[in-house]
Amino acid sequence: MTRDLFNAELRQLQDDVLTLGSMAEKAILDALESMRDGDVEWSRRIIEDDQRINKKRFEIEDRAIFVIASQQPMATDLRALASILYIITDLERIADHAEGIARINTMMEPEPLPRRLGYIPAMADRAVAMLRDSLKAYIEMDVDAAVQICNADDEVDRLQDSVYEDCIQQMVANPATIQRNTYLLWTAHNIERIADRCTNICERVVYTVTGHMDELNVSRY
Amino acid sequence: MSNSVDLRPASTGQRAAEGTLERPMAQAQPGAIVEPEGEIAITIENLSLWYGPKQALTNVSMKIPARKVTALIGPSGCGKSTLLRCINRMNDLIPTVRIQGSLYYHGVNLYGPDIDPVEVRRRIGMVFQKPNPFPKSIYDNVAFGARVNGFKGNLDQLVEQSLRRAALWEEVKDNLKKSGLALSGGQQQRLCIARAIANQPDVILMDEPCSALDPIATLKIEDLMRELVKDYTIIIVTHNMQQAARVSDYTAFMLTDEQVTGQLVEYGPTEELFTTPKDRRTEDYISGRFG
Ligand SMILES: Nc1ncnc2c1ncn2[C@@H]1O[C@H](COP(=O)(O)OP(=O)(O)OP(=O)(O)O)[C@@H](O)[C@H]1O
Ligand SMILES: [Mg+2]
């Protein structure tokens, strides 16, 4: 018995995790773009689409729980399934943060387009790269890569500091921009949380392979 | 337990010599065989066994903790039952058996020259795969060992107490004269446990005690094991991985492969063995990828 059935189930679930991951990634990129373009209609669609992501997450969860109950996996197999349950939760929350950014866009005052967003696009690029790399490390079960990726989280934190300084300076120089800059700070916060969730995914990769739970990155926020 | 450790027949005055045999260990992954903490009931040292020319155990060394459940797992034919039978000298009954190495029960050499195997089997009781009540009443089944051993105390009390401990009393108390064979499979198995308990053992060996039982009866026996382990040392052989994971504190994984017959591959706290096994072969076996 080499467990072909179990292996097939596991592979299907891993494919589904990747699908969920790309849905979350698309939500982040779209949310940022809709903000830059001041496209409120687009942002509303992104908010609605979040339901699809939630639904997908619950589908994967149901299936993973069924596989646990029917296949009774042990050791690495069990950790792989437990990790799927955690990772899909992280991916769903990542998508929630993308939805949060879209929501912010629906609240912002109109202004000349494309909107100037300072360090925010750079920050979002880093977070999206982290998400992609985390999922790659997940599929390849690459512990070294997982540890490396978490170091990139510091860079996101540094960019967030830059956004913060930038926004505060503008608010002090021109109190009329307080509202706008507050929205940008919220946006940066959402991106920072996304990067943080990526480190959770990496921790699960390490856990699946080694059986040890190490906190790879302690966020300051 | 209250029983002091003396396994001599009443007539002998000498304690068994405790010879230690130094033989090379079978190759196991470093760190894969863990020494349990706390009081040790059984110490197995470099145990090898042959049935005639055929080797069945090779250099097994392990310490079995007192008042814990220890599970023996491994593929069919790897020597689990053989090892279990060494612990209460049941293999003595097979004429072709040859044993090398040592087994200690609370420090006493079980195979010492003046050890009485009958006393060993009273202290170290056994419950078998197929429930095997005698074709006698429930009462007589439980009282059997006590009568044979010339028990002087209150027999009714002993029977009731043993049936209670085996979680069978409530179901049978109104009809103790009923034949043991008239009980359901799960009840018969608990009757056999009651019979073992009535001998006031210290260690209870169970060889696949649930394999003939339905899931509910199985869970009852598992609950019973967790209850009994407060007072007894339990060693169980099981093919059910989930059962080993549920009921045992320590698990030993045995294997026969091309190189070595009946070796101990890994032994440690159950939680670790089933979540992060140290030896690749253990991982393959428990996750069903064996062979
Ligand atoms: N009485 C016997 N005479 C000769 N060989 C025996 C005897 N009992 C067991 N064996 C052999 O010793 C080896 C170990 O048998 P044992 O019954 O201990 O295995 P096991 O792990 O309990 O297997 P199972 O899970 O099938 O009960 C096997 O190769 C078996 O054929
Ligand atoms: Mg057997």
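Throughout this document, residue positions are counted from 1 along each chain, in the order its sequence is written. As they are written, the chains are lettered A onward and the ligands numbered 1 onward, keeping that order. Totals for whole chains, interfaces and linings use every residue, but because this is a predicted model, local features are given only for residues with pLDDT of at least 70 and side-chain atom pairs only at 80 or more, for both listing and counting. Based on all heavy atoms of the structure, the side-chain values leave hydrogens and waters out of the count.

### What to know about the packing of helix 4 (residues 155–165) of chain B against helix 6 (residues 185–198) of chain B
Residues and elements named next belong to chain B. Condition: Fitted lines through C-alpha atoms give the axes, limited to the stretch in contact for helices. The angle between two N-to-C directions lies from 0 to 180 degrees. Going along the chain from the N terminus, every DSSP run of H or I of four or more residues is numbered as a helix, and every run of E of two or more is numbered as a strand. Oblique is the label for any angle not under 35 degrees, not over 145, and not in the 65 to 115 range, which are roughly parallel, roughly antiparallel and roughly perpendicular in turn. For a crossing to be left-handed, the near helix must be turned anticlockwise from the far one by less than a right angle; the clockwise case is right-handed. In this description, contact between two residues means that some pair of their heavy atoms is separated by no more than 4.5 Å. Put simply, Ala, Val, Leu, Ile, Met, Phe, Trp, Tyr, Cys and Pro go in the nonpolar bin, Asp, Glu, Lys and Arg in the charged bin, and everything else, Gly too, in the polar bin.
Two elements in contact, helix 4 and helix 6, have axes whose closest approach is 8 Å; the angle formed by their N-to-C orientations is 130°. Our classification of the angle between helix 4 and helix 6 gives oblique. For the element pair helix 4 and helix 6, the recorded crossing hand is right-handed. Residue-level inspection shows Leu 158, Ser 162, Leu 163 and Arg 165 of helix 4 in contact with helix 6, the latter providing Leu 191, Ala 194, Ile 197 and Ala 198. By residue class, the composition of the contact of helix 4 with helix 6 is six nonpolar, one polar and one charged.

### Here's the deal with the interface of chain A and chain B
What counts here: Defined in terms of a 1.4 Å probe, buried area is the accessible area two parts forfeit on being brought together, summed over both. We count a salt bridge whenever a side-chain nitrogen from Lys or Arg sits within 4 Å of a carboxyl oxygen from Asp or Glu. Two N or O atoms form a polar contact when they lie within 3.5 Å of each other; inside protein one atom must be a possible hydrogen donor and the other a possible acceptor, and for residues adjacent in sequence the pair counts only when both atoms belong to side chains.
Listed as interface residues are 13 residues of chain A and, on the opposing side, 14 residues of chain B. When chain A packs against chain B, the two sides together hide about 1000 Å² of surface, and 47% of this comes from carbon and sulfur. Among the ionic pairs, Asp77(A) bridges to Arg289(B), the shortest N-O distance being 2.5 Å. Along the contact surface separating chain A from chain B lie seven residue pairs in polar contact (both at pLDDT 80 or more). Contributing elements (two or more residues each) for the side of chain A that touches chain B: helix 1 (4–36) and helix 3 (75–107) of chain A. Ranked by residue count, the leading element in the side of chain A that touches chain B is helix 3 of chain A, at four residues. Residues belonging to the side of chain A that touches chain B are distributed by class as follows: four nonpolar, six polar and three charged.

### Side note on the UniProt feature "domain: PhoU" (unreviewed entry) in chain A
Residues and elements named next belong to chain A. Basically, it comes down to this: UniProt positions are given in the numbering used here, feature names are shortened, and annotations may be inferred rather than shown by experiment.
Using the residue numbers shown here, the UniProt feature "domain: PhoU" (unreviewed entry) corresponds to residues 19–103 and 122–205. Here residues 19–103 is 93% helix and 0% strand, with 24 Å between the C-alpha atoms at its ends. From the first C-alpha to the last, residues 122–205 spans 26 Å; its make-up is 93% helix and 0% strand.

### Description of the side chain of Glu9(A)
Residue and element names in this part refer to chain A. Quick note on the threshold: Remark: exposure states derive from per-residue accessible area (1.4 Å probe, protein chains only) relative to the maximum for the residue type, with buried under 20%, exposed over 50%, and partly exposed in between.
Inspection of the secondary structure puts Glu 9 in helix 1. On the accessibility criterion, Glu 9 (17% relative accessible area) is buried. At 2.6 Å, the side chain of Glu 9 and the side chain of Arg 63 are in polar contact. The contacts of Glu 9, once residues within four sequence positions are left out, are Arg 63 and Val 67.

### So, the confidence of the model for chain B
Residue and element names in this part refer to chain B. Where we set the bar: A residue's pLDDT is the predictor's confidence in that residue, given on a scale from 0 to 100.
Confidence along chain B averages 89 in pLDDT terms, with 90% of residues attaining 70 or more. Segment residues 10–26: pLDDT under 50, and 42 contacts once partners within four positions in sequence are set aside and those in other chains are kept. We note a pTM of 0.81 for the whole complex and an ipTM of 0.70 for its interfaces.

### A look at the packing of helix 3 of chain A against helix 6 (residues 178–210) of chain A
Residues and elements named next belong to chain A. Helix 6 packs onto helix 3 with a crossing angle of 175° between their chain directions and a minimal axis gap of 9 Å. The angle between helix 3 and helix 6 places the two elements in the roughly antiparallel class. Across the contact of helix 3 with helix 6, the residue classes tally to 17 nonpolar, nine polar and six charged.

### Some words on the environment of Leu84(B)
Of note, Leu84(B) is situated in helix 1 (residues 80–87). C-alpha separation for the pair Leu84(B) and Met126(B), spaced 42 residues apart in sequence, amounts to 9.1 Å.

### So, the side chain of Ser134(A)
Turning to its location among the elements, Ser134(A) is positioned in helix 4 (residues 120–140). Among all residues touching Ser134(A), those that are not within four sequence positions of it are Ile149(A), Cys198(A), Ile201(A) and Cys202(A).

### A few points about a nonpolar patch on the surface
Test applied: Like-charged residues within 9 Å of one another, or nonpolar side chains (Val, Leu, Ile, Met, Phe, Trp, Tyr) within 5 Å, are grouped into patches, provided each residue has over 30% relative accessible area and no salt bridge. Only the protein chains shown count as cover for residues, and the accessible areas themselves come from Shrake-Rupley with a 1.4 Å probe.
Judged by side-chain polarity, Tyr164(A), Ile168(A) and Val172(A) come together as a nonpolar surface patch covering roughly 300 Å² of accessible area. Topologically, Tyr164(A) is positioned in helix 5 (residues 143–173).

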